[in-house]
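Residue-level structure breakdown
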Amino acid sequence: MQSLRQYRRLRESVRGDLARAQADVSPPDSTGTSTPGAESKSELTRDQRIEEKPSLLVAGVTVSRPAEHDGKVTFIVGWTEDDPLEPHNWSLAQKWWCTLAVCLIGMAVTIPSSIDAPVSDQFNEHYGIGPIAGSMTTGMYLLGFGIGSLFAGPFSETLGRNAIYLSTMVVFIIFIMAKALAPNFGAALVFRFLTAFFGSPPLTCSGGTIADIWGPLEITFALPFTLIFSYAGPFLGPIIGAYLPNIGFRWADWISLLISAAVLIVVFLFQPETYGPVLLEWKAHHLRELTGDNRYQVDIHASTTTLGRRLLTSVYRPFQMTYSEPIILIFSFYLIILYIVLFTFLNGYPYIFTQTYGISKSLTYLLWVAMLAGDSIALLLVPTVYGWTKKAAANAASKGEPLSPEVCMYWAMMGGSILLPISLFWMGWTCYSHISIWSPIVGSFVFGYGFVTVFTTTYLYICFIYTIYAASALTFMTFSRYIICGALIPASIPMYEHLGPHFALTLLGALMAIMAPVPFFLYRYGHKVRAMSKNVQVKS
């Protein structure tokens, strides 16, 4: 609905630009009538207008040289410096609303990834399967996220963010309902996969949406808020589902459906389109329609005019970035380990708390609130880190230099990357029945803080340096971590069962310790790594 209003406002803006351009070209004479030249110009046929170079060059439109693109003269549609319809020029209220909407979408699709863990025993009993097979429901959800991410980012950069958010959320809700009503275990797995497949767009597009509306410095405030808020979903899932076994395992799906439907309605009514090239395409369409001149094009599409070719180009880009971008490869490996730890907790918490301390499974999953608290405490750091970033930007400006993207490492360097392995060793070495249960609970709190700070660093850095291609740059990172993590979820049960929680957490902590120096390394040498990257937009 909001996108339709936006489309109409662009048309009115173009109509006004054309009127002003006409007034500048053919001003009225002293008697108030138009000049003869203007009348003769208006009597030209549509073909004649297309054949000649238009006398009306509206604000924001430039003429391409014949050597550019396909050799033809093209009128490239762009923004004026202070165009209020350009997303970066929106008011703070508009920007924060779009940011909050992205948070809600992200939370709506990530809560189902973990909400069914507390009801797994009832689910397994209903379908007559074992716990390892039952854990495949979570694994299939993560696999669906990973495969869906390959298409979400590129398509959003062709069709627009809103078109992808809205259309996929509708299908997402349908498959949640289908999974809730699945007649057998096989159908439940298939519907679980399809649910996640169509719920994947926020995982790759949210960073792109933030980059659409906020400037480089503002992103360092807005994106951490978005990530901390929206990616609390995996922590919230077990908390919401903790006592659902008392009313039936299907309520995990019904609650997910209700949350997603409420978010869909809000987004449909109030969320505008944010992707600049799509808005410019709308503007170019209005110019072509109102002037009859088909040479009005958007620069990003001027040499690839058909939708099919644009989609092919956009879908190919994430694959190309996987082998030409060392930054993406480094962060992908880091997040793979991080997500393995997080989602193996879904099967590991009963071994850490239920079996060790004799508490109920419902209370065990309610203890995820400690990780949620660790995630939330990072919100308090947003103004502090933003203040440091502003100071770094001011220092760079005084020297005539751009802001270094490596300021994004502040988040992980504020203890996050170091505390992650410490928290896992802490939990693993203190989850004994003779040691207070509060010790591993506090350890999980520390893990929640470390998780969100490292995650924020990776997304913030990628959005900062890839800007307009941020969604595609995040695609491989999302694909790799969800595919590998989804495949390993069933293995987490034998890991905790045979190694025990002490050695299992020690092993995971050792892997995190290997990656702990990465943010410090990139803070010092990130500029050299960026220079090796082909698609980085901010190399200086």
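Structure: above.
Source: prediction; values computed, not measured.

A look at the overall build of the protein chain
Regarding its fold elements, the protein chain presents 23 helices and three strands. Looking at the protein chain as a whole, 58% of its 540 residues qualify as buried. Considering only contacts within the protein chain whose residues lie at least 6 apart along the sequence, 81% involve residues at least 24 apart. Element-wise, carbon and sulfur atoms account for 67% of the exposed surface of the protein chain, whose accessible area totals about 21,500 Å².

Some points on the nonpolar core
In terms of nonpolar packing, the biggest core is built from 133 residues, with F345, W368 and F447 touching the most fellow members. Here this core gets 20 residues from one element, more than from any other, and that element is helix α16 (residues 326–357). Not counting residues up to four positions away in its chain, the partners in contact with W368 are P234, F235, P238, I239, L342, F345, L346 and Y349. Counting 12 residues, the second largest nonpolar core, distinct from the first, contains L18, F75, V77 and Y296.

Description of helix α23 (residues 518–531)
Where α23 bends most, at Y525, the angle is about 75 degrees. For α23, the complete set of buried residues consists of V518, P519, L522, G526, V529 and R530.

Points about the sheet that holds strand β1 (residues 61–63)
Strand order across the open sheet formed by three strands is β1-β2-β3, with mixed pairing between neighbours. This sheet does not close on itself; its edge strands, each paired only once, are β1 and β3 (296–298). In this sheet, neighbouring strand axes are inclined to one another by 40 degrees on average, regardless of whether the strands run parallel or antiparallel. Where β1 lies against strand β2 (residues 75–77), three bridges are found, and the strand directions are antiparallel. Bridging across to β2, V61 finds its partner in V77.

Regarding a nonpolar patch on the surface
On the surface, I418, I422, W426, W438, V442 and F520 cluster together into a nonpolar patch covering about 560 Å² of accessible area. Of all the secondary structure elements, the ones that give two or more residues to the nonpolar patch are α20 (410–430) and α21 (438–466). Among the elements that take part in the nonpolar patch, α20 stands out by supplying three residues, more than any other. In this structure, W438 sits in helix α21. Relative accessible area serves as the criterion here: at 59%, W438 is assigned to the exposed category.

The rules we used
Residues numbered from 1 in each chain as written. Predicted model: local features only at pLDDT ≥ 70, side-chain atom pairs only at ≥ 80, totals over all residues. Heavy atoms only, no water. Helix = DSSP H or I, 4+ residues; strand = E, 2+ residues; numbered from the N terminus. Buried < 20%, exposed > 50% of the residue type's maximum accessible area, 1.4 Å probe, protein only. Contact = heavy atoms within 4.5 Å. Areas by Shrake-Rupley, 256 points an atom, 1.4 Å probe, with all protein chains shown as cover. Core = buried A, V, L, I, M, F, W, Y, C linked by side-chain atoms within 4.5 Å. Bend = angle between axes of the 7 residues up to and from the residue. Pairing = 2+ DSSP bridges. Axes fitted to C-alpha atoms, helices over the stretch in contact; angles between N-to-C directions. Patch = residues over 30% accessible without salt bridge, like charges linked within 9 Å, V, L, I, M, F, W, Y side chains within 5 Å. Salt bridge = Lys/Arg side-chain N within 4 Å of Asp/Glu carboxyl O.

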